[in-house]
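What follows is the residue order along each chain.
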Amino acid sequence: MEVDLPRLYQTVQSVGGLKEVIEKKRWQRVADAMKIPKSAQDRVTKLDDIYCKYLLPYDTLSPGERQKLFDDVEKEWAARDVRVLTQDNSGSSDSNEEEVDDIQDESEECIVKVTFL
């Protein structure tokens, strides 16, 4: 099963944030909102683990640190767009296709595959 990290983050925030989810034991509600089947083994524990591993570092950033991270990501994406456009105009379609594939692969890294037995 795949877990969409941005969706998991937004779901936890909509339930009151990580502290609320942990203190009031709302992981079941988060799992339900994420449409993870109740038959999935350890779905609550795995969501908690995923959140702590991948999202907690972001969650603990200050607003200024988040803005800096956002700006850095925007600059990186803009640089990639320029590289793709430059390669496209140079007529090098093989390397352009590889670059587009690399960008797609990297953009899909915000989805984590988790095995729920």
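These lines cover the structure that appears in this document, whether it is placed above or below. As the structure is a computational prediction, the values presented were derived from the model and not from experiment.

### A few points about unusual backbone geometry
The phi dihedral of Lys25 falls on the positive side, at around 50°, and the residue is not glycine. Secondary-structure assignment places Lys25 in the loop between helix 2 (18-23) and helix 3 (27-33). On the accessibility criterion, Lys25 (73% relative accessible area) is exposed. Phi at Lys35 is positive, roughly 60°, even though this residue is not glycine. By the secondary structure assignment, Lys35 is in the loop between helix 3 and helix 4 (43-59). A relative accessible area of 67% means that Lys35 is categorised as exposed.

### Focus: a nonpolar patch on the surface
On the surface, Tyr58, Leu69 and Val73 cluster together into a nonpolar patch covering about 230 Å² of accessible area. Positionally, Val73 belongs in helix 5 (residues 63-89). Given a relative accessible area of 37%, Val73 falls into the partly exposed group.

### With respect to the nonpolar core
One broad rule of soluble globular proteins: the nonpolar side chains tend to lie buried together. Grouped together as the largest cluster of nonpolar side chains are 18 residues, with contacts concentrated most on Leu8, Val12, Trp27, Val30, Leu47 and Tyr51. Listing elements by their share of this core, those giving two or more residues are helix 1 (5-14), helix 2, helix 3 and helix 4. With near-sequence residues (within four places) excluded, Leu8 lies in contact with Val3, Trp27, Val30, Met34, Leu47, Ile50, Tyr51 and Leu55.

Cut-offs used in this document
Position numbers for residues start from 1 in each chain and track the written sequence from start to end. Restriction of local features to residues with pLDDT of at least 70 applies here, the model being predicted, together with a cutoff of 80 or more for giving and counting side-chain atom pairs; totals for whole chains, interfaces and linings are based on all residues. Working from all heavy atoms in the structure, the side-chain values ignore hydrogens and water. Per the convention used, a helix needs a DSSP run of H or I reaching at least four residues, while a strand needs a run of E reaching at least two, with both numbered from the N terminus. Burial classes: relative accessible area under 20% of the type maximum marks a residue as buried, over 50% as exposed, and values in between as partly exposed (1.4 Å probe, protein chains only). Patch criteria: residues need more than 30% relative accessible area and no salt bridge. Like-charged residues are merged within 9 Å; nonpolar side chains of Val, Leu, Ile, Met, Phe, Trp and Tyr are merged within 5 Å. Accessible surface area values rest on a Shrake-Rupley calculation with a 1.4 Å probe, where residue burial reflects the displayed protein chains alone. Think of a salt bridge as a Lys or Arg side-chain nitrogen and an Asp or Glu carboxyl oxygen that are within 4 Å of each other. The nonpolar core is taken to be a set of buried Ala, Val, Leu, Ile, Met, Phe, Trp, Tyr and Cys residues, with the residues joined through side-chain atoms within 4.5 Å. We call two residues in contact whenever any of their non-hydrogen atoms come within 4.5 Å of each other.

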